[in-house]
Amino acid sequence: MLPYDEALQIVLNTVKPLTPCEMPTADAGGLVLAEDALAQWDMPLCDNSAMDGYAIAGESYTPGSPLEIIGASYAGHPLSGTILAGQSIRITTGAALPKGTDTVIPLEDTEEEHGQLHIQVPVTSGQHVRYQGEEFKSGQLLLQTGTMLQAGEISLLACAGVARVKVYPRPRVSIISTGDELVELGEKPGPGQIINSNLHFLTTRLRECGCEPVWIGIGKDNTDSLDKCIAQAMDADLVLSTGGVSVGEKDQVQDALANHSFEKIFWKVAIKPGKPVLFGLLGEKPFLGLPGNPAATAATFEVFARPALKKMAGHRDDHLQKRNGILTGQVKNKGDRQRFLWCRLEWRNDQYEVTVQSHQGSGQNLSIQGSNALLAVPAGTAQMDQGKRVEVLLLE
Ligand code: AMP
Ligand code: MG
């Protein structure tokens, strides 16, 4: 059976970054830049004060002699005209320095009396000034292609006058749930029925990952019904289905896909949970058939769909991030497949600790809640002891 690392590489080699689009910078939080962003002007735009106080000409100032106060420059209200030797003005933080001044005396180091300024401390010419262009110059490269735009990046672009950006769009991901037994949240399941909980894992997680989920609906366990769902799902950037990809007689997703000239790339990977995962191309669109058991749907989403979506969204590093931590309890494993265990990574006692969740059964939901990482236990590793340093895949 195909090993996990090879299967993931196949997925990543198959999917492509989405075609970039332009949008307002204000809407681009969480997206990745598709072209370098350059400053539209010098920052600061002009020399200005770093303090509330008085602006003077530093070179011509004679220590001890008072200066005449002839006006004020406030932030947003610059003072025109030139300040001469022996003169000063009031100034506030961020206000432009008028011509003739180059030095700011903080308010707390001064006394004002009858329109005269008395400076009570030694003065260094040029002090407390933010010079034009000292942070960056017009045309300077601020952020490179491939940078993810978070709050700090968006505010940097905003202050530099970059009002629109070219970014990789948010991937649209369609979700097809399959199974005659599924009922919607809010209904009471009858005997043999089950709530479509996978839908809610996927929609919530997709939004957490900066993607746009598009729910197609529940496909019944027959090719006609699944056919219709597949046809509707194809205009998304990635198609996900849940259930119906195993070997049971009601697992008909592959039969339905065959009607849509589906190119199967792999089916079944040596992992637990999630062995029957299916991957291929529906025309140009990548398709992942996730096994229906909740912990299998969730795990295969994390270890296949999430890296694929990172690549589609333009991230330079599409693999899940890793962390090292110390196991807080013994982990037993059997079988010849790579195991993924839901776990919690926490900073405690000056180190990261990894606590593996109980209830790891693939049909169960409990282990997924509270998990922020997956512990990958290699095939053939029967036991890992408490205190062992392990590597986990981060899900945040
Ligand atoms: P399947 O892969 O279709 O054989 O489904 C395996 C198990 O997962 C069955 O017990 C299904 O009832 C369950 N299952 C399938 N789809 C979902 C879903 N959307 N939400 C919750 N459980 C599901
Ligand atoms: Mg099913």
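Per chain, residues are indexed from 1 in the order of the written sequence. Numbering of ligands from 1 and lettering of chains from A proceed in the order in which they are written. A pLDDT threshold of at least 70 governs which residues receive local features in this predicted model, and a stricter bar of 80 or more applies before side-chain atom pairs are shown or counted, although totals over entire chains, interfaces and linings include all residues. Excluded from the side-chain calculations are hydrogens and water; all other atoms, namely the structure's heavy atoms, are used.

A few points about the site of ligand 1
Our working definition: Residues are labelled near a given molecule or strand when at least one of their non-hydrogen atoms is within 4 Å of it. For this analysis, a polar contact is any N or O atom pair within 3.5 Å, provided that within protein one partner can donate a hydrogen and the other can accept it, and provided that sequence-adjacent residues contribute only side-chain to side-chain pairs. In these tables, accessible area is a Shrake-Rupley quantity obtained with a 1.4 Å probe, and a residue counts as shielded only by the protein chains included in the view. Each helix corresponds to a stretch of at least 4 residues labelled H or I by DSSP, and each strand to a stretch of at least 2 residues labelled E; elements are numbered beginning at the N terminus.
The full set close to ligand 1 counts 14 residues, and E181, N196, N198, G244 and G292 are the nearest of them. Backbone polar atom of S197 to a nitrogen atom of ligand 1: 3.3 Å apart, as the coordinates give it. At 3.2 Å from a nitrogen atom of ligand 1 is found a main-chain nitrogen or oxygen belonging to N198. Contact with the protein chains covers 79% of the free accessible surface of ligand 1, which is 480 Å². Elements with a minimum of two residues in the shell around ligand 1: β16 (194-195) and α3 (197-208).

With respect to the sheet that holds strand β18 (residues 238-242)
The criterion, for reference: Two strands make a pair as long as DSSP finds a minimum of two bridges between them. Structural elements are reduced to axes, namely lines fitted to C-alpha atoms, with helices fitted over the stretch in contact, and the angle between N-to-C directions of any two is expressed from 0 to 180 degrees. Here a residue-residue contact requires only that any non-hydrogen atoms of the pair lie within 4.5 Å.
The 6 strands lie next to each other as β17-β14-β18-β22-β21-β19, forming an open sheet whose pairing is mixed. This sheet does not close on itself; its edge strands, each paired only once, are β17 (212-219) and β19 (262-267). The mean angle between the axes of side-by-side strands here comes to 20°, regardless of whether they run parallel or antiparallel. Packed on one face of the sheet, helix α4 (residues 223-233) meets β14 (172-178), β17, β18 and β21 (278-282) and runs near 165° to β17. Relative to strand β22 (residues 285-290), helix α6 (residues 294-312) is tilted by about 165°, and along the sheet it contacts β14, β18, β19 and β22.

Things to note about the packing of helix α1 (residues 4-14) against α6
To keep things clear, this is the line we draw: Here is the rule for handedness: rotate from the far helix to the near one, and if that takes an anticlockwise turn smaller than a right angle the crossing is left-handed, while a clockwise turn gives right-handed. Residue type decides the class: Asp, Glu, Lys and Arg count as charged, Ala, Val, Leu, Ile, Met, Phe, Trp, Tyr, Cys and Pro as nonpolar, and the leftover types, Gly among them, as polar.
Between α1 and α6, the least distance of the axes is 9 Å, while the angle of their chain directions is 30°. Here α1 runs over α6; the crossing is right-handed. Counting all contacts with α1, which are made through Y4, A7, L8, V11 and L12, the residues of α6 involved are V303, F304, P307, A308 and K311. Of the residues that constitute the contact of α1 with α6, the class distribution is 9 nonpolar, no polar and 1 charged.

A closer look at the packing of α3 against α6
Axes are the key here: two packed helices are described by the angle between their axes and the distance separating the axes. The line we're drawing: Here roughly perpendicular refers to angles of 65 to 115 degrees, roughly parallel to angles under 35, roughly antiparallel to angles over 145, and oblique to all remaining angles.
Look at α3 against α6: their axes get within 10 Å of each other, and the N-to-C directions meet at 25°. Accordingly, the angle class assigned to the pair α3 and α6 is roughly parallel. Between α3 and α6 the crossing geometry is right-handed. Counted together, S197, N198, F201, L202, R205 and L206 of α3 and P294, T297, A298, F301, E302, R306 and L309 of α6 form the full contact between these two elements. Partitioned by chemical class, the residues of the contact of α3 with α6 number 7 nonpolar, 3 polar and 3 charged.

So, the domain arrangement of the chain
Here is the rule we go by: Domain segmentation is taken from an automatic or database assignment of domains.
What the domain assignment lists for the chain is domain 1 (4-17 + 170-312), domain 2 (21-43 + 135-168), domain 3 (48-130) and domain 4 (322-394). Here domain 1 and domain 2 have C-alpha centroids that lie 35 Å from each other.

Focus: the packing of aromatic side chains
Selection rule: Think of it this way: a Phe, Tyr or Trp ring, Trp meaning its six-membered ring, pairs with another when their centres are within 6.5 Å, and the plane angle makes it stacked under 30 degrees, edge-to-face over 60, tilted otherwise. A 1.4 Å probe rolled over the protein chains alone gives each residue an accessible area, and that area as a share of the maximum for its type sets the label: buried under 20%, exposed over 50%, partly exposed in between. Our definition puts a charge over a ring when NZ of Lys or CZ of Arg is within 6 Å of the ring centre and also within 35 degrees of the ring normal.
A complete count under the given rule lists 7 aromatic pairs for this structure. Plain terms: the ring middles of Y4 and F304 are 5.3 Å apart, the flat faces sit at 65° to each other, and that makes the pair edge-to-face. One end of the pair, Y4, is in helix α1; the other, F304, is in helix α6, with 300 residues separating them in the sequence. There is no split in this pair, since Y4 and F304 are both buried. Pairing W347 with Y352 gives two aromatic rings, centres 5.0 Å apart and planes at 75°, and the pair type is edge-to-face. Through a chain of ring-to-ring contacts, the aromatic side chains of Y4, F266, F279, F304 and F340 assemble into a single cluster. Sitting over the face of the ring of W267, K268 holds its NZ or CZ atom 4.4 Å from the ring centroid.

What to know about the nonpolar core
The cut-off we apply is this: Remark: nonpolar core denotes a set of buried residues (Ala, Val, Leu, Ile, Met, Phe, Trp, Tyr, Cys) joined through side-chain atoms within 4.5 Å.
In this structure, L240, F266, V269, F301 and F304 are the most contacted members of the largest nonpolar core, which totals 41 residues. Of all the secondary structure elements, the ones that give two or more residues to this core are α1, β14, α3, β18, β22, α6 and β25 (338-348). Residue-level mapping places this core at the junction of two domains, with at least three residues from each of domain 1 (4-17 + 170-312) and domain 4 (322-394). Among all residues touching F266, those that are not within four sequence positions of it are L2, A7, I10, V11, V277, L278, F279 and F304.

Points about the sheet that holds strand β9 (residues 110-113)
Taken together, the 6 strands give an open sheet; going across it, the order is β8-β5-β7-β6-β10-β9, and neighbouring strands pair in mixed fashion. One side of each edge strand has no neighbouring strand; the edge strands of this open sheet are β8 (103-106) and β9. With direction set aside, neighbouring strand axes in the sheet form an average angle of 40°. Pairing geometry for strand β6 (residues 67-73) and strand β10 (residues 116-119), over 2 bridges, is antiparallel. If you follow L67 over to β10, its bridge partner there is L117.

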